[in-house]
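Chains, contacts and geometry: an overview
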Amino acid sequence: MRTDTGAFGNPSMVSPECTDPAVPPSSFAPYGPYEVRSTNKLAVFAFLLTIFNLVVGTLSMILFPLFTLAMCVLGIVLGHLALRSVRRSHQAGRSLAIAALVLSYAGLLFELVVLGSIHLFMDLDLLALLG
């Protein structure tokens, strides 16, 4: 092998089969085959269910509070199942499962606060009318 000045004046090794000056010399070893991991379907479903619940559930929270609570609990259960499945199968989708869990817990907390405050204000109005 002969030495030649490469990019920026640094000496580099040029292989004898590649003597074309237009082709830069390769100074790194080729990587192994690229491994494509499939995304866990349960994590995708849990995330989409949570997004659906945030959009539709907040609009129908006052009319159908039990539906929204059930969707939050279902999102939490599916998020935990997806996280465990991702951990066991080494698939992609861990971030989707975590996002589904965080959003479902936040939605559940928000739902409980709203329903609790509505219940509290209804009780206060009844007490004001009685007293």
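Report on the accompanying structure. What you are looking at is a predicted structure, and each value in this text was computed from that prediction instead of being measured.

This part takes up a nonpolar patch on the surface. A cluster of nonpolar side chains, Ile51, Leu54, Val55 and Leu59, forms an exposed patch at the surface whose accessible area comes to about 350 Å². Note on placement: Val55 falls in helix H1 (residues 41-59).

Attention shifts here to helix H2 (residues 65-89). Under the 1.5 Å per step criterion, the end-to-end length of H2 is 36 Å for 25 residues, consistent within 8% with the ideal 36 Å. All of the buried residues along H2 are Thr68, Leu69, Met71, Cys72, Gly75, Ile76, Leu78, Gly79, Ala82, Leu83 and Val86. A positive backbone phi angle near 60° is found at His90, which sits one or two residues after H2.

Turning to the side chain of Thr50, a few remarks are in order. By the element assignment, Thr50 lies in helix H1. The class for Thr50 is buried, based on a relative accessible area of 3%. Apart from the residues within four sequence positions on either side, Thr50 is in contact with Gly75, Ala100, Leu103 and Ser104.

Cut-offs and rules
Just so you know, the residues in each chain are numbered from 1, in the order the chain's sequence is written. Where local features are concerned, this predicted model is filtered to residues with pLDDT of at least 70; where side-chain atom pairs are given and counted, the filter is 80 or more; whole-chain, interface and lining totals use all residues. The side-chain figures draw on all heavy atoms in the structure; neither hydrogens nor water molecules are used. Exposure above 30% relative accessible area and the absence of a salt bridge qualify a residue for a patch, where like charges join within 9 Å and nonpolar side chains (Val, Leu, Ile, Met, Phe, Trp, Tyr) within 5 Å. Per-residue and other accessible areas follow the Shrake-Rupley method at a 1.4 Å probe size, with only the shown protein chains counted as cover for residues. One speaks of a salt bridge when a side-chain nitrogen belonging to Lys or Arg is within 4 Å of a carboxyl oxygen belonging to Asp or Glu. Runs of E in the DSSP output that reach at least two residues are strands. Runs of H or I that reach at least four are helices, and both are numbered from the N terminus. Helix span, as expected, comes to 1.5 Å for every residue beyond the first. To sort residues, take the accessible area from a 1.4 Å probe on protein chains only and compare it with the maximum for the residue type: under 20% means buried, over 50% means exposed, and anything in between is partly exposed. By definition in these notes, contact holds between two residues if any of their heavy atoms fall within 4.5 Å.

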